[in-house]
Amino acid sequence: MQRLYSQFYEKYALVQTKQLRDFMHTIDWDNRFIGIKGSRGVGKTTLLLQYIRLNFKPDKSVLYVSLDNLYFLENTLYDLVNDFYKKGGLFIAIDEVHKYPNWAIEIKNIYDDMPHLRLVFTGSSLLHIQQAKADLSRRVVIYSMPGLSFREFLQFETKIKLETYTLKEIVTNHIAIAIGITQKVKPLHYFEDYLNYGYYPFYMENKKSFHQKLSEILLTVLEVDIPQYASIQVSNIIMLKKLLAVISHSVPFKPNMNTISERTGISLNTMKNYLKLLKDAQLLQLLYVEDKGVNSLGKPEKIYLNNTNLMFNLVNESEIGNRRETFFLNQLSYTNTIFASKNADFKVDGVYEFELGGRNKKKKQIKELQSAFIVKDTIEIGADLNIPLWLFGFLY
């Protein structure tokens, strides 16, 4: 156990606290047990260590451990935490919980047996966190951590504090908001960089090796996370990769399930399950029409990659219209409910409809609609019903 403390103190000493994500302040840290789920690479480990560094001295009352540590090959999580608690431990942070079998059951027992302990855990495999919700219900408050918004990326790049806005504020007051922001920073100067590498905060470590690291994350999700969760045989992993490859070169598109099935060799029923797995692992976004619902296993109206960084990683040359829609869907889906629109590109919160395009996009398509807007990707400040695309990166 002493080795675990030494490893924790090394991380404690190295973690920086100058650049904090606003997500830190959305968590109610007074909850006894907290779970943080999020895709690989969004910064969960850094968040935990920053919170500890800001709130605790490096003593025996606090501990950080990762469950992929070799220590847990011969020791149980429960016994470690019990020993820590008996010796005066008050706060423990547990990383990579999905690497440990039966972690949800042991955390449930820890909650019941150690009433004065505070515990926070993270999981990079969203699939396993979802599966464990039933075991942890009423005991753990679970938060979902997204990648960086365009606003957060701008803050990290410029060191300028920028506010968030609700969707209602943006559609009703976008001109004044855009003027206020552009007086501080020129968003279009940074926009293409964000689309390329700005969603995952590890870009700050080394921009040159960013896509190499992102490729490694993709392989881990496809070869480890999804197969472990869904019990996919090794021989079928190649089909999962082939499905993602086919989709990557076609997104966004209205899927013809029969055609995809023929191109990948995956049966229709298996393919529907694979699409849901890729969505739950935050590699894809499935856009449905409103009356079908997001939990439907039926055919989605359109399929997208989860974010534009994945587009730049998986596709040699992505089409600009695809990047617009992927960015818009990615930024809005964290804070709002978004569906395919029958009359435009997207319908949000059951009220607003948005048609996306370039600088010369006309409003002919939406002129008969109420609460409908044109979203343009090459303008800094909009006018009337025309809203700049980058501004939708300020929702969180």
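Since the model is a prediction, treat every value here as computed from it, not as a measurement.

A. Molecular detail of the packing of aromatic side chains. If you walk through the whole model with that rule in mind, you get 35 aromatic pairs. Both rings, one in Phe-33 and one in Tyr-111, keep their centres 5.0 Å apart while their planes meet at 85 degrees; by these two values the pair is edge-to-face. Residue Phe-33 is found in strand S1 (residues 33–37), and its partner Tyr-111 is found in helix H4 (residues 103–113); the two are separated by 78 residues along the sequence. Relative accessible area serves as the criterion here: at 1%, Phe-33 is assigned to the buried category. Residue classification places Tyr-111 among the partly exposed residues on the basis of a relative accessible area of 21%.

B. How the structure looks around the pairing of S1. Taken across its five residues, S1 has five buried, putting it largely inside the fold. Residues Phe-33, Gly-35 and Lys-37 line one face of S1 and the alternating positions Ile-34 and Ile-36 line the opposite face, and both faces are buried. Relative to strand S4 (residues 118–123), S1 runs parallel, the two being bridged by five bridges. Opposite Ile-34, over in S4, you have Val-120 as the bridge partner. As paired elements, S1 and strand S5 (residues 141–144) share four bridges and run parallel to each other. Bridged to Gly-35 within S5 is Ile-142.

C. Examining the pairing of strand S3 (residues 91–95) more closely. Among the five residues that make up S3, five are buried, leaving the element largely enclosed by the rest of the structure. Neither face of S3 is left uncovered, since the one carrying Phe-91, Ala-93 and Asp-95 and the one carrying Ile-92 and Ile-94 both have all their residues buried. In this sheet, S3 lies alongside strand S2 (residues 62–66) in parallel orientation, the contact comprising five bridges. Opposite Ser-66, over in S3, you have Asp-95 as the bridge partner. Since S3 and S4 lie parallel, the crossover through H4 that links them has a hand, and here it is right-handed.

Cut-offs used in this document
- Each chain carries its own residue numbering, running from 1 in the written order of its sequence.
- Two thresholds apply to this predicted model, a pLDDT of at least 70 for residue-level local features and 80 or more for giving and counting side-chain atom pairs, whereas whole-chain, interface and lining totals are computed over all residues.
- Water and hydrogen atoms were dropped before computing side-chain values, which therefore reflect all heavy atoms in the structure.
- To pair, rings of Phe, Tyr and Trp, with the six-membered ring standing in for Trp, must have centres within 6.5 Å; the planes then decide the type, stacked if under 30 degrees apart, edge-to-face if over 60, and tilted in the middle.
- A run of DSSP states H or I qualifies as a helix once it reaches four residues; a run of E qualifies as a strand once it reaches two. Both are numbered from the N-terminal end.
- Throughout, exposure labels follow a simple rule: accessible area from a 1.4 Å probe, protein chains only, divided by the maximum for the residue type, with under 20% read as buried, over 50% as exposed, and the rest as partly exposed.
- Two strands are counted as paired when DSSP detects at least two bridges linking them.
- A clockwise course of the path from the first strand over the helix to the second, judged with the strands pointing away from the viewer, identifies a crossover as right-handed.

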